[in-house]
Amino acid sequence: MNFINWGLIGFGNVVKNNLNGLPFNTENSKIYAFHQRNFNEAIKNKEKYNIDKFYSNILDLLSDKNVNAVYICTPPGSHLEYAKLCCDYNKPTYIEKPFARNYIEVCQIIEYFKTKNVPLWVAHYKRTLPKFVQVKNIIDSNAIGKIINITYTCERPFNVSLLNHKWLYNLELSGGGRFFDIAPHFIDLLVFFFGKFELVYSIVSNHCSYHNTEDIVSFNFKTLSNVIGTANFNFISNRRFDLMTIYGTEGNLTFSIEGGGNLTMVSKDETKTYSFSEPLIYEKNMVNAINAELLDNDFNNNICHGSDAIEVYRIIDLILDNFYNGRNRDFWKNQ
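Residues numbered from 1 in each chain as written. Predicted model: local features only at pLDDT ≥ 70, side-chain atom pairs only at ≥ 80, totals over all residues. Heavy atoms only, no water.

Reported here for the second largest pocket is a volume of approximately 390 Å³. Lining the second largest pocket are 16 residues; nearest its centre among them are Asn117, Val118, Pro119, Leu120 and His305. At three residues, the largest contribution of residues to the lining of the second largest pocket is made by helix α5 (residues 103–116). When its residues are assigned to classes, the lining of the second largest pocket shows eight nonpolar, five polar and three charged. (1 Å grid on protein atoms, 1.4 Å probe; cavity = no way out; pocket = protein on both sides within 12 Å on 5 of 7 lines; lining within 4 Å. Points joined across faces, edges and corners; volume = space filled by probe spheres on them. Helix = DSSP H or I, 4+ residues; strand = E, 2+ residues; numbered from the N terminus. Nonpolar A, V, L, I, M, F, W, Y, C, P; charged D, E, K, R; others polar.)

And the structure:
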């Protein structure tokens, strides 16, 4: 393989936002084809984004020998089915987050790709952004000593217009509410920084009468590396806010999980602020690293392979388990 022709499955806002920034169109890759059922919309998108081909049948896209990698960007409810199809056609696959509706489906996807030896990645792209690479470098260098504690707060206002979203509050399609949609980025960073979790305790509730998914989530955790932390998510707040503080024995780090903004390090010797611009194309670094793996076999530990994501969804299911009376197979049918 010397050039990557990406095929897209799905053409919602995530795709359009990415295409506006063209993260897939590089010197060694491009968007070659996409799958969309609505013929008229597909014609418009093909012309607007200058894409070679579109298919109304997903099997026709996967049968196209020119398509040598696939990006699945449909709602999570279809990820298991589409991922297996991509794997059957031996297409390296990049799956949008949330990876799947629950831990069981995540394990099924990973095992399916492992058995057939097909490459798999998950769109936990924040770990590739410069700010979070810097955080990991500081942690790994012991610049603030041994990490002992973490606190995190995430607040988002409730947006009534999101109720018109076709899948976000439909459990069969989404696998959960706003927490399930947003938290994979945060928890993936924790796993990226500190490794696997040993303990998780949570309180989850719903205070909004418009839907029946989680809107307040609070949990405590302990990692195998003995880091203890607490996180609070509020999706009916009166403001947009998030702040993470990592405490070490000799200092601390403070930053937002958003891609830009400042990273402040306080150590026994100095206070230092690193400034980062908001990325113009959030997934560019992730896609570039995937391209490098496919074209040059340049394996990158900073990107999220399928196997790297399994711990994230194990943790999320532990957090949400009691609220949904279990997160087992087809749990959405019992809500």
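So, about the pairing of strand β2 (residues 29–35). Across the seven residues of β2, six count as buried, placing the element largely inside the fold. Pairing analysis gives six bridges linking strand β1 (residues 4–9) to β2, with the strands arranged parallel. Paired with isoleucine 4 across the strands is serine 29, a residue of β2. Crossover connection from β2 via helix α2 (residues 39–49) to parallel strand β3 (residues 53–55): handedness right-handed. (Buried < 20%, exposed > 50% of the residue type's maximum accessible area, 1.4 Å probe, protein only. Pairing = 2+ DSSP bridges. Right-handed = clockwise from strand over helix to strand, strands pointing away.)

Our focus in this paragraph is the packing of helix α8 (residues 178–194) against helix α10 (residues 306–320). Contact pair α8 / α10: the axes reach a minimum separation of 9 Å and the direction vectors enclose 125°. Looking at the two axes, α8 sits oblique to α10. The two elements α8 and α10 meet at a crossing, and its hand is right-handed. Between α8 and α10, the residues in contact are Phe179, Phe180, Pro184, Ile187, Asp188 and Val191 and Glu311, Val312, Tyr313, Ile315, Ile316, Ile319 and Leu320, respectively. Along the lines of polarity and charge, the residues of the contact of α8 with α10 split into eleven nonpolar, no polar and two charged. (Axes fitted to C-alpha atoms, helices over the stretch in contact; angles between N-to-C directions. Parallel < 35°, antiparallel > 145°, perpendicular 65-115°, else oblique. Left-handed = near helix turned anticlockwise from the far one by under 90°. Contact = heavy atoms within 4.5 Å.)

Honestly, it's all geometry; don't read function into it.
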